[in-house]
Amino acid sequence: MCGIVGYVGSKYYGPDVVINGLRRLEYRGYDSAGIAIRYNPGERTDAMYGNVIENWREKGGVDELYDSIPESVIWESNCVIGHTRWATHGVPSRRNAHPHTSMNRTITLVHNGIIENYETLRKKLIQEGYEFESQTDTEVLANWIEYMYNKIYSETPGDLELAVRLALKDVVGAYAILVISPETDNVIMAKKSSPLAIGIADDGFVIASDATPIVEYTKDVIYLEDEQIAVIENNSDIRITDLNAVEVDPVIERVDLDLEQIEKGGFDSFMMKEINEQPETIQNCIRGRLTDGLDQLMMGGIDPVMPQLLRANKIFIIACGTSWHAALTGKNMIEKLARIPVEVDYASEFRYKDPIIKSGDVVIGITQSGETADTKAAMEMARERGATLFGVVNVVGSSIARLADAGMYTHSGIEVGVASTKAFTGQVAAMALLAIKLGRQLGNINDDTYLRLKSSLKSIPAKVAKILSQTEDILAIADEYTDEKYHDFLYLARGHNFPIALEGALKLKEISYAHAEGYPAGEMKHGPIALIDENCPSVFILPNDKDYGKVISNMQEVKARSGKVLAIVNEGDELAETIADHVIKIPECEEIFMPLLTVIPLQLISYQIATARGKNVDKPRNLAKSVTVE
Ligand code: F6R
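Residues numbered from 1 in each chain as written. Predicted model: local features only at pLDDT ≥ 70, side-chain atom pairs only at ≥ 80, totals over all residues. Heavy atoms only, no water.

Visitor: Looking at this model, I keep getting lost on the packing of aromatic side chains. Mind explaining?
Guide: In this description, a pair of aromatic rings is defined by centroid distance and the angle of the planes. In total, this model carries 8 aromatic pairs according to the counting rule given. Aromatic ring contacts, followed pair by pair, group Y7, Y13 and Y217 into a single cluster. In this structure, R122 is placed above the aromatic ring of F132, and the distance from its NZ or CZ to the ring centre is 5.0 Å. Sitting over the face of the ring of Y513, R621 holds its NZ or CZ atom 3.9 Å from the ring centroid. (Phe/Tyr/Trp six-rings, centres within 6.5 Å; stacked < 30°, edge-to-face > 60°. Lys NZ or Arg CZ within 6 Å of the ring centre and 35° of its normal.)

Below you can see the structure in the form of structure tokens.
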């Protein structure tokens, strides 16, 4: 949610580094963008005796920003900061876009997060004579730092670091900030609850909300921890301290991500690219973990908490959005195979509902980004109540990955498309591994079943590839549903595929803006059936499992009311096509793993309906990839 990029170093290509980096971070927010360029004395005729900071901001994406910057602007600087915004306080506009500058122009900063007590700080600043140009909490922070800077000026003139340190002590909320000033060459950054990574390149530092803008220049990254402040001095030296100015030894991590992974690779959208990567990303998740024969699954990340998992009376799984749907599939698999009761909660509800957590309970957080504010806060609250924390996370080194006592990476690679696709199947595959591992160790899975489950899971990547080989046919079927007259869609399924009905509906609504709802097929007659008419299509997921007959009856109920039906069925099913208007046939697998296959055509259907309706599938309106605010 909001992306920050900065370059500080010895080279003068800062503006290009920052603009390119912002393009890579646009998935975090894209309603406005801005860039502040610092010129050293002598680099501009009007800057002979001090630094000058020029600030360019625009409503819209990074392209709009770039196009709005006059050609006359000197496009060379070794100190530049930039921002791409997902609005929280104040509408998307040039005025509310970052970077924000303090009233007396001493402080320019970019910020990701939310300053919760900004109204209190704002009132104090107004009493001190401050005026504000924007509606943002960030401008309040810029002014609050300036206020501190001026307050300490007589004793410690020009000490930007101390001013930031003092200002942040008064701040309640989440922040990742990058601060520059015309009065010093030092660049200050700090973070709490919002991510900030500092890439250490040969010629300087590339700072960003995540590693994607950094890997082009270096793979060596420091992930700033909460309440740490980093200072870059002389454009070359970095020093990290905590809020009390105690020095901290930086931990430099190697980031395993290359540029190809973050580009579109010939597809017309990141979403389509990521849908097509799934045979490989599911394989990456199970590779090395899913052993041959009767050998135990190799999941070293679980070992530290295996005793707690095995004796858990109850497991909680918390997540948001698509990850919450993965949590529901995880519940079904763990309960079926391990026979441990599982409670699934929305993280945003869990954190405020005073849940009954007993010491020793295990709380699993599922998250693609590893930065979702609600999931993180819910896990922190669970830890305070004595729970063991387990993370199922995609982004390596993310906040939740570091917060958990143990966990599994899903190894889906960077997901740029805002609508989650490959990260979801990675999460479901990870939960499948966890369920098998627990079930086997608890003695609930006999040898035959163990071998059958393993072989079925192993076959999934090839089956996903087979479904994707029918992409053209699936898109052609989806074309039958692109007409705007279809304004409501129902997604119906039972059992293991009910979470996929929810996921199919979410995917459609978030990228096409059509209204869609997922329902257990058996619940339809208790209300949603009232919606059915010729303009409200139903998407049925009815693989060849124990619920098949019941779901067929539900489908007939829809047809009897003139509803249009698209059905996802298994190969060999001849009955469904005599009832449904369209069928998509997919391979069979173990019933509990079927969600990994049934979701694929639903992703393609959403993609096609959204594209045909002229929507940008990678950047759906109002959404952001990494939701680091509550
Ligand atoms: C939907 C989507 C969101 C995320 C949700 C949680 O396609 O991507 O619903 O699943 O915001 O995000 P993570 O998984 O990063 O915690």
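Having seen the model, we can carry on.
Visitor: Can you help me understand the site of the ligand in this one?
Guide: Lining the immediate environment of the ligand, one finds 14 residues, of which S323, Q368, S369, T372 and E510 sit closest. For the ligand, whose accessible area on its own is 400 Å², the fraction buried by protein is 90%. Those elements that provide at least two residues to the shell around the ligand are α9 (321-337) and α16 (498-512). Tallying contributions element by element places α9 first for the shell around the ligand, with 3 residues. Class assignment for the residues of the shell around the ligand results in 4 nonpolar, 8 polar and 2 charged. (Near = heavy atom within 4 Å. Areas by Shrake-Rupley, 256 points an atom, 1.4 Å probe, with all protein chains shown as cover. Helix = DSSP H or I, 4+ residues; strand = E, 2+ residues; numbered from the N terminus. Nonpolar A, V, L, I, M, F, W, Y, C, P; charged D, E, K, R; others polar.)

Visitor: Can you walk me through unusual backbone geometry in this structure?
Guide: Most peptide bonds take the trans form, and the phi angle of most residues other than glycine is negative. Along the chain, H98 connects to P99 via a cis peptide bond; the corresponding omega equals 0°. As for its position among the elements, P99 is in the loop between β4 (79-85) and β5 (100-101). The phi torsion at S193 lies on the positive side, around 65°, for a residue other than glycine. As for its position among the elements, S193 is in the loop between β8 (184-192) and β9 (197-201). You can call S193 partly exposed: its relative accessible area is 24%. In this structure, E227 takes a positive phi of about 60° despite not being glycine. Along the polypeptide, E227 turns up in the loop between β11 (220-223) and β12 (228-233). (Buried < 20%, exposed > 50% of the residue type's maximum accessible area, 1.4 Å probe, protein only.)

Visitor: Mind showing me how you'd approach the pattern of salt bridges here?
Guide: Where charged atoms from two side chains of opposite charge approach closely, those side chains can pair. Tallied over the entire structure, the rule returns 34 salt bridges. With a closest N to O distance of 2.9 Å, R24 and E216 form a salt bridge. Residue R24 is found in helix α1 (residues 14-24), and its partner E216 is found in the loop between β10 (204-208) and β11; the two are separated by 192 residues along the sequence. A residue is classified by how much of its surface remains accessible, and R24, at 17% relative accessible area, is buried. A salt bridge links E277 to K273; the shortest N-O distance between them is 3.0 Å. Several salt bridges converge on common partners, so that one network encompasses E161, R165, E233 and R239. (Salt bridge = Lys/Arg side-chain N within 4 Å of Asp/Glu carboxyl O.)

Visitor: Hey, could you run me through α16 in this one?
Guide: Note on helix geometry: an α-helix contains 3.6 residues per turn, so any two residues three or four positions apart are oriented the same way. For α16, spanning 15 residues, the distance from its first C-alpha to its last is 21 Å, which sits close to the expected 21 Å at 1.5 Å a residue. Within the sequence span of α16, burial applies to P499, I500, A501, L502, E503, G504, A505, K507, L508, E510, I511 and S512. In the segment just after α16, Y513 is the residue with positive phi, at about 65°. (Expected span 1.5 Å × (residues − 1).)

Visitor: Explain the sheet that holds strand β17 (residues 362-367) to me, please; I cannot follow it from the model alone.
Guide: Sheet strands pair via backbone hydrogen bonds, and the direction of the pair is either parallel or antiparallel. In spatial order, the strands read β16-β15-β17-β18-β19; together these 5 strands make up an open sheet with parallel pairing. A strand with exactly one partner marks an edge of an open sheet, and here the two such strands are β16 (342-346) and β19 (406-409). In this sheet, neighbouring strand axes are inclined to one another by 20° on average, regardless of whether the strands run parallel or antiparallel. Pairing analysis gives 6 bridges linking β17 to strand β18 (residues 388-393), with the strands arranged parallel. In the strand pairing of β18, V362 is matched with T388. (Pairing = 2+ DSSP bridges. Axes fitted to C-alpha atoms, helices over the stretch in contact; angles between N-to-C directions.)

Visitor: Quick question: what am I supposed to make of the environment of S32 here?
Guide: Mapped onto the elements of the fold, S32 is located in strand β2 (residues 32-39). Through-space distance from the C-alpha of S32 to that of H83 is 8.3 Å; in sequence the pair is 51 residues apart. With residues up to four places along the chain from it excluded, the contact list for S32 reads E58, K59, G60, H83, T84, R85, S93 and A97. (Contact = heavy atoms within 4.5 Å.)

Visitor: Any chance you could explain the side chain of D31 here in plain terms?
Guide: You can see D31 is positioned in the loop between α1 and β2. Buried within the structure, D31 lacks any salt-bridge partner; its nearest side chain of opposite charge belongs to R85, at an N-O separation of 4.3 Å. Sequence-distant contacts of D31, defined by excluding residues within four places in its chain, comprise K59, G60, R85, W86, A87 and P92. (Lys, Arg positive; Asp, Glu negative; His and termini not counted.)

Visitor: Explanation requested: the pairing of β16 in the structure shown.
Guide: Looking along a regular strand, one sees the side chains alternate between the two faces of the sheet. Within β16, 4 of the 5 residues are buried, which leaves the element mostly enclosed by the surrounding structure. In this structure, strand β15 (residues 315-319) lies alongside β16, joined through 5 bridges in parallel fashion. Each bridged residue has a counterpart across the sheet, and for A319 the counterpart in β16 is Y346. What joins β15 to β16 is α9, and the crossover it makes is right-handed. (Right-handed = clockwise from strand over helix to strand, strands pointing away.)

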